[in-house]
Amino acid sequence: EDLLLEASADAPPAATDGLIPRSVRALFHKIRDKSKHDSNGCTVEYAVRASFMEIYNEQIRDLLSPVRDKGLQLRWGEHQGFYVAGQLVVDCVDTNDALAVLREGVRNRAVSAHAQNTDSSRSHSLLVLQVESVETANPHAPPVRRLGKLTFVDLAGSE
């Protein structure tokens, strides 16, 4: 759970912030820098999307969906690779949006108490940030589209 410590986008990074809040801040900081400093005259647009799931009792659950489903299915597609069918994906415009996704997902995780921890996670969780950039060098050339995925994994009982 240390990786998932809550943070505020408006506050400066604190020594207690976990890996995910620090990474989210760094990602959006880089996006802002790249968007501001375009020296070639080309335009670059970014989109960030987030999803958050857990694997609990061999079932995949969407931690962002308001509907508690019986379990989502892992699928394979030629163009997208492995994906979770029916999973909610949220557009994140800024750091606050991404941190809100993190807080909502952590709030919905399956937890229970044991001798070492009163709020021990009983599930594996995956927070996935998809970053897409579309670069247009000139109006006569096709845009260059790039897609990256950053996956944070928290294993059950890893405290």
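Going by the structure above, here's the rest.
The structure displayed is predicted, hence computed values, not measured ones. (Residues numbered from 1 in each chain as written. Predicted model: local features only at pLDDT ≥ 70, side-chain atom pairs only at ≥ 80, totals over all residues. Heavy atoms only, no water.)

1. Looking at the overall build of the protein
The helix and strand tally for the protein stands at 2 helices and 9 strands. Seen in sequence order, the protein has helices and strands lined up from the N terminus as α-β-β-β-β-β-α-β-β-β-β. Buried residues in the protein amount to 34% of all 159 residues. Put simply, 56% of the contacts in the protein that link residues at least 6 apart link residues at least 24 apart. Of the roughly 10100 Å² of accessible surface on the protein, 53% is carried by carbon and sulfur atoms. (Helix = DSSP H or I, 4+ residues; strand = E, 2+ residues; numbered from the N terminus. Buried < 20%, exposed > 50% of the residue type's maximum accessible area, 1.4 Å probe, protein only. Contact = heavy atoms within 4.5 Å. Areas by Shrake-Rupley, 256 points an atom, 1.4 Å probe, with all protein chains shown as cover.)

2. Some points on the pairing of strand β2 (residues 59–62)
Strand direction decides the pairing type here: strand β1 (residues 43–56) and β2, joined by 4 bridges, are antiparallel. Residue E54 lies in a different strand from β2, and its bridge partner there is R61. Connecting β1 to the next strand, β2, in antiparallel fashion are 2 residues, including N57 with a positive phi near 50°. (Pairing = 2+ DSSP bridges.)

3. A closer look at the environment of D91
When you line up the elements, D91 lands in strand β5 (residues 90–92). Judged by relative accessible area, which is 54%, D91 ranks as exposed. For the pair D91 and V101, spaced 10 residues apart in sequence, the C-alpha separation works out to 9.8 Å. Look past the residues within four positions of D91 in its chain and what remains in contact with it is V48, R49 and D97.

4. Overview of the nonpolar core
Counting residues in each nonpolar core, the largest one holds 19 residues, and the members touching the most others are V24, F28, V48, C92 and L127. In terms of residue count, the dominant contributor to this core is helix α1 (residues 19–36) (5 residues). In contact with C92, not counting residues within four places along its chain, are F28, V48, A50, D97, A98 and V101. Counting 5 residues, the second largest nonpolar core, distinct from the first, contains M53, I60, L72 and L126. (Core = buried A, V, L, I, M, F, W, Y, C linked by side-chain atoms within 4.5 Å.)

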